[in-house]
Amino acid sequence: MAQYAKPLARLVGELERLPGIGPKSAQRMAFHLLRIPTEEARRLADAIIEVKERIHFCRQCFNLTDGDLCELCRDPRRDPSVICVVAEPRDLLAMERTNEYRGSYHVLQGVISPQEGILPDMLRVKELLARLSTPGVTEVIVATNPTVEGEATALYLARLIKPLGLRVTRLAHGLPAGGELDYADQATLISALNWRREM
Ligand SMILES: [Zn+2]
């Protein structure tokens with residue numbers, strides 16, 4: 001059977017390792033890269049190397065940044081008394097897209113998952129507790145996903161934080177905006193009922 005020339009096989013092999021990329025997509029991408037001008041390919045390669053060399057975690061909130069502190073931690077208009085705890089940097093970006101939240105963040109870098117061997121001491125929990133021990137913080141909003149792991153992580157954090165005398169809140173979850181009761185699945189409806197609020 002005919003094989004790709006070694007450098008091409010190597011590229012296909014590397015691309016296949018990327019999340020969500022199967023052998024077919026890897027081949028398509030490799031042939032695309034073969035066709036584009038060398039300059040364009042170099043820009044892509046440089047961009048990959050640049051994020052590897054320059055992006056690291058914010059010293060305070062563990063968001064991704066190319067500085068010592070991230071843009072949000074450096075912003076004096078953000079309220080440091082409220083800390084929103086998220087699992088991943090992409091969740092932080094989702095919260096920011098609301099344009100509603102003006103507090104600060106803490107990125108856990110994952111959720112507790114015994115099945116995947118992710119234990120609390122592998123997350124940025126210690127660092128969160130250290131931040132909470134500095135005066136000025138009054139509320140922690142736990143914004144982990146409403147999945148089994150996200151809920152377990154939220155409960156774990158609430159148990160640690162409440163004794164510190166801080167307000168611990170959880171993002172409400174339930175019916176989607178514009179949704180209809182009739183179409184909601186049972187778990188969503190139960191959660192909407194549990195998280196109901198006064199009118
Ligand atoms: Zn930060």
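For the structure, check the block above.
Residues numbered from 1 in each chain as written. Predicted model: local features only at pLDDT ≥ 70, side-chain atom pairs only at ≥ 80, totals over all residues. Heavy atoms only, no water.

## Concerning the coordination of the zinc ion
Piece 1. Surrounding the zinc ion are the protein donor atoms Cys 58 (SG), Cys 61 (SG), Cys 70 (SG) and Cys 73 (SG), which sit 2.3 Å from the metal.
Piece 2. One can describe the site at the zinc ion as tetrahedral: its four donor atoms subtend angles covering 102 to 117° at the metal.
Piece 3. If you list the donors of the zinc ion from N- to C-terminus, the spacing comes out as C-x2-C-x8-C-x2-C. Of this pair, Cys 58 sits in the loop between strand E1 (56-57) and strand E2 (64-65) while Cys 70 is found in the loop between E2 and helix H4 (71-74), placing the two residues 12 residues apart along the sequence. Each member of the pair, Cys 58 as well as Cys 70, is classed as buried. (Donors = N, O, S within 2.8 Å, 3.2 Å for Na, K, Ca; no water. Tetrahedral: all angles 85-135°; square planar, octahedral: opposite > 155°, others 65-115°. Helix = DSSP H or I, 4+ residues; strand = E, 2+ residues; numbered from the N terminus. Buried < 20%, exposed > 50% of the residue type's maximum accessible area, 1.4 Å probe, protein only.)

## Digging into the pairing of strand E3 (residues 79-86)
Piece 1. Within E3, six of the eight residues are buried, leaving the element largely enclosed by the surrounding structure.
Piece 2. In terms of strand pairing, E3 meets strand E4 (residues 103-107) through five bridges, oriented parallel. Looking at the pairing, Val 85 lines up with His 106 of E4.
Piece 3. Note on the crossover from E3 through helix H5 (residues 89-97) to E4: the handedness is right-handed.
Piece 4. Where E3 lies against strand E5 (residues 139-142), four bridges are found, and the strand directions are parallel. Paired with Val 82 across the bridge in E5 is Glu 139. (Pairing = 2+ DSSP bridges. Right-handed = clockwise from strand over helix to strand, strands pointing away.)

## Notes on the pattern of salt bridges
Piece 1. Counted under the stated rule, the structure contains 10 salt bridges.
Piece 2. A salt bridge links Arg 42 to Glu 39, with the shortest nitrogen-to-oxygen separation between them at 3.9 Å. In this pair, Arg 42 and Glu 39 both sit in helix H3 (residues 38-54), three residues apart, roughly one turn of the helix.
Piece 3. Residue classification places Arg 42 among the partly exposed positions, given a relative accessible area of 46%.
Piece 4. With a closest N to O distance of 3.2 Å, Arg 124 and Glu 127 form a salt bridge. (Salt bridge = Lys/Arg side-chain N within 4 Å of Asp/Glu carboxyl O.)

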